[in-house]
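An overview of the molecular structure
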Amino acid sequence: MPRTLIEPFRIKSVEPIRMTTRAERERLLEAARLNVFKLRAEDVLIDWLTDSGTGAMSSRQWGAIMEGDESYAGARSFYRLESVIQDITGMKYFVPTHQGRAAERVLFSAVCRSGQLVPNNCHFDTTRANLEFLGVEAQDLVIAEGLQPALIHPFKGNIDLARLEAVLQTQADRVPFGMLTVTNNTGGGQPVSMANIRACAALLKQYGKPLIMDVCRFCENAMFIKMREPGYENTSIKAIAQEMFSYADGATMSAKKDGMVNIGGFIVLRSDEWMDAVRNLEILTEGFPTYGGLAGRDLEALAVGLLEGMDEDYLRYRLRTAEYLGERLQAAGIGFMQPTGGHAVYMDARTVLPEMPVAHYPGWALCNALYLEGGIRGVEIGSVMFGKRLDSGVETYHSMELVRLAFPRRMYTQSHFDYAAEVIADVKQHAAAIRGVRLVKQPRYLRHFTCECAWV
Ligand SMILES: Cc1ncc(COP(=O)(O)O)c(C=O)c1O
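A short tour of the structure in this document, coming up. (Residues numbered from 1 in each chain as written. Predicted model: local features only at pLDDT ≥ 70, side-chain atom pairs only at ≥ 80, totals over all residues. Heavy atoms only, no water.)

**Considering unusual backbone geometry**
Put simply, the test is: Here a strand is any run of E in DSSP of at least two residues, a helix any run of H or I of at least four, and the numbering for each starts at the N terminus.
Cis geometry marks the peptide bond from Val182 to Thr183; its omega dihedral reads -15°. Looking at the element boundaries, Thr183 is found in the loop between β5 (178–181) and α7 (194–206). Of the consecutive residues Gln338 and Pro339, the connecting peptide bond is found in the cis state with omega at -20°. Within the secondary structure, Pro339 is located in the loop between α12 (312–331) and β9 (344–348).

**Re helix α8 (residues 218–228)**
The line we're drawing: Relative accessibility under 20% of the residue-type maximum defines a buried residue, over 50% an exposed one, and the middle range a partly exposed one, all with a 1.4 Å probe and only protein chains included. Contacts: residue pairs with any heavy atoms within 4.5 Å of one another.
When you tally the buried positions in α8, you get nine out of eleven residues, the bulk of the element. If you check which residues of α8 are buried, you get Phe218, Cys219, Glu220, Asn221, Ala222, Met223, Phe224, Ile225 and Lys226. Buried residues belonging to α8 abut α3 (76–89), α7, α9 (237–246), β7 (250–254), α11 (296–309) and α12.

**Brief notes about the packing of aromatic side chains**
For clarity, the threshold we go by: Pairing of aromatic side chains requires ring centres within 6.5 Å, counting the rings of Phe and Tyr and the six-membered ring of Trp. Pairs whose planes differ by under 30 degrees are stacked, by over 60 edge-to-face, and all others tilted.
Applying the stated rule across the entire model yields 17 aromatic pairs. A ring pair is formed by Phe37 and Phe449, whose centres lie 5.0 Å apart and whose planes are at 80°; its orientation type is edge-to-face. Of this pair, Phe37 sits in the loop between α1 (22–31) and β1 (46–47) while Phe449 sits in helix α16 (residues 447–450), placing them 412 residues apart in sequence. Of the residues examined, Phe37 reaches a relative accessible area of 24% and is grouped as partly exposed. Measuring from centroid to centroid gives 4.8 Å for Trp48 and Phe407, while their planes differ by 75°, and the two rings are edge-to-face. With Trp48 in the loop between β1 and α2 (59–65) and Phe407 in the loop between β14 (402–406) and α15 (414–429), the pair connects residues that are 359 residues apart, well separated along the chain. Judged on exposure class, the residue Trp48 and its partner Phe407 are both buried. Taken together, Trp48, Phe407, Tyr412 and Phe417 form an aromatic cluster joined through their ring pairs.

**Comments concerning the pattern of salt bridges**
Rules: Salt bridges, as used here, are contacts in which a Lys or Arg side-chain nitrogen is within 4 Å of a carboxyl oxygen on Asp or Glu.
Scanning the entire structure with this criterion turns up 31 salt bridges. Here Asp87 and Lys238 are joined by a salt bridge, their closest N and O atoms 2.6 Å apart. On the criterion of sequence distance, the pair formed by Asp87 in helix α3 and Lys238 in helix α9 is long-range, its members being 151 residues apart. On the accessibility criterion, Lys238 (31% relative accessible area) is partly exposed. Several salt bridges converge on common partners, so that one network encompasses Asp51, Arg217, Glu220, Asp258, Arg318 and Arg409.

**Some thoughts on α9**
Our working definition: Regarding the arc, it is the one traced by the directions from the helix axis to the C-beta atoms.
Taken as a whole, α9 has its buried residues at Ile237, Ile240, Ala241, Met244 and Phe245. For α9, the angular spread of buried residues about the axis comes to 135°, placing them on one side.

**Points about the layout of surface pockets**
Note the cut-off: As defined here, a cavity is a set of points on a 1 Å grid over the protein atoms alone where a 1.4 Å probe fits but cannot get out. A pocket is an open set with protein on both sides within 12 Å along at least five of seven lines, and residues line them when an atom is within 4 Å of a point. Grid points are joined across faces, edges and corners, and a volume is the space filled by probe spheres set on the points. Polarity classes work like this: nonpolar for Ala, Val, Leu, Ile, Met, Phe, Trp, Tyr, Cys and Pro, charged for Asp, Glu, Lys and Arg, and polar for all others, with Gly in that last group.
Roughly 1400 Å³ of internal volume is contained in the largest pocket. Around the largest pocket sit 40 residues that line it, and Ser13, Ala56, Met57, Arg410 and Met411 are the ones nearest its centre. Going through the elements one at a time, α2, α11 and α12 are the ones with two or more residues in the lining of the largest pocket. Of the residues forming the lining of the largest pocket, the biggest block, three residues, is contributed by α2. For the lining of the largest pocket, the per-class residue count stands at 19 nonpolar, nine polar and twelve charged. Volume-wise, the second largest pocket comes out at about 580 Å³. Lining the second largest pocket are 23 residues; nearest its centre among them are Glu132, Phe386, Gly387, Lys388 and Arg444. Contributions of two or more residues to the lining of the second largest pocket are made by α5 (125–133), α14 (383–386), β12 (388–389) and α16. For the lining of the second largest pocket, the leading source of residues is α5, giving four residues. Counted by class, the lining of the second largest pocket contains eight nonpolar, six polar and nine charged residues.

**Some points on the site of the ligand**
Worth spelling out the cut-off: Definition of nearness: a residue and a molecule or strand are near each other if at least one heavy atom of the residue lies within 4 Å of the molecule or strand. Polar contacts here mean pairs of N or O atoms no more than 3.5 Å apart (in protein, one a potential hydrogen donor and the other a potential acceptor; neighbouring residues in sequence count only if both atoms are side-chain atoms). Only the protein chains shown count as cover for residues, with accessible areas throughout obtained via the Shrake-Rupley method and a probe of 1.4 Å.
As a matter of local geometry, the ligand sits amid 15 residues, with Arg101, Asn185, Asp214, Ser254 and Lys257 nearest to it. Taking Gln99, its side chain carries an N or O atom lying 2.8 Å from an oxygen atom of the ligand. In isolation the ligand exposes 390 Å². Once the protein is present, 97% of that is buried. Per-element tally for the shell around the ligand: the top contributor is helix α4 (residues 100–111), with three residues.

**Side note on the sheet that holds strand β6 (residues 211–214)**
Inclusion rule: Pairing between strands is defined by DSSP: at least two bridges between the two strands are required. Between the N-to-C directions of two axes lies an angle of 0 to 180 degrees, each axis being a line fitted to C-alpha atoms and, for a helix, fitted only over the stretch in contact.
Read across the open sheet, the five strands follow the order β2-β8-β7-β6-β5; overall the sheet is mixed. In this open sheet, the two strands that pair with only one neighbour each are β2 (93–97) and β5. Strand after strand, the sheet turns through a mean of 15° between neighbouring axes, direction not considered. Where β7 meets strand β8 (residues 265–269), five bridges bridge the pair, whose relative direction is antiparallel. From the neighbouring strand, Gly250 faces β8, where its bridge partner is Leu269. Along the sheet, helix α10 (residues 275–285) makes contact with β2 and β8, crossing β2 at roughly 20°.

Encoded structure:
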């Protein structure tokens, strides 16, 4: 067998990307107030800002798009997607939404009340923001290993069951449901083991609490289980996914990840307990429940995408790609969240900028340096994203300063990864010249998207 693992697809349609000079990038970043979210995409060479909705669809998906039934109510495309989702999740109720955060908003608004508390391994930023907006406390209970970037552990996304039990023992009356995010995006794209999902569900059940999973990347999580958890070596990805879902009472999904589509999301629920409230909010803000803010063609593309997302050859290549970049970073002496996650590599900015004070936002500074050096756009997952300016004016900081390079699905080839590895190594060599930032303007929620910065 040849050792080279190739992209398991060939390219049918191409989209040019544009080289810029360093002088141009300096000007463009200044104009963007030192916030890469404000750059125009055409000014970015390699866009690893997110894997969300940015991937390439297959010829089968584009073909399915032509089958889209655009009827307002009861469209054929809805029922086709519903049967695919029911088969994978085993859940009776399926509600499409235009993306993941809409699923969160609809479900949380239907179920949660101010003063409640939702435990999770780690809430993604939109999940946390949607809960906090309703006055609900979002508690992250990932295992301690999950917070140590350099430590190798097969399932760093696991929730700490002892801490979850302590929360349930002391504050069960505040908990409407428990959550698990698979894979754990905020904690490094790290998987959750089947054993942990099973035990978490059982613990919640003891206290009469449902388990809601955030399943944006359930296919990648299933592949990690297959590769790392004894007993699953010979189980298909679909069967692993079905078992993962069997422990949950409901799920929210941003289909823009493992759904392999550019837009879409959904809620699934096992029982109809919350369905009236969910349906009412859905109609109020997303649309009639058989389209939920999506076109019929989007529903068709997702029905195909969910099956392609579970393809084992694709998943093996995908996880290996991240691992390969990790190996290149290691060779350059750059720390990253170990082992590499499913959809991204999370560089530890402190290993590039060990002297930079946290108040100068080293993760943000590294992110800007990658753009200036090679036109690469990543995203800070650190104290700009998760810190806060309190009403007292005091700043809080995050426990890690990471820069996430998230890979759109089926989009970049090995030479793009080789180029990026060279750029990152160069940035590390010239780290002494990297400047920190201060925040000069910030909104109250999700500040990283729109904040404005200045060089320190
Ligand atoms: C774990 C997780 N949950 C929820 C979301 C929100 O999904 P969307 O961007 O589709 O609103 C994301 C998106 O990045 C995510 O990674």
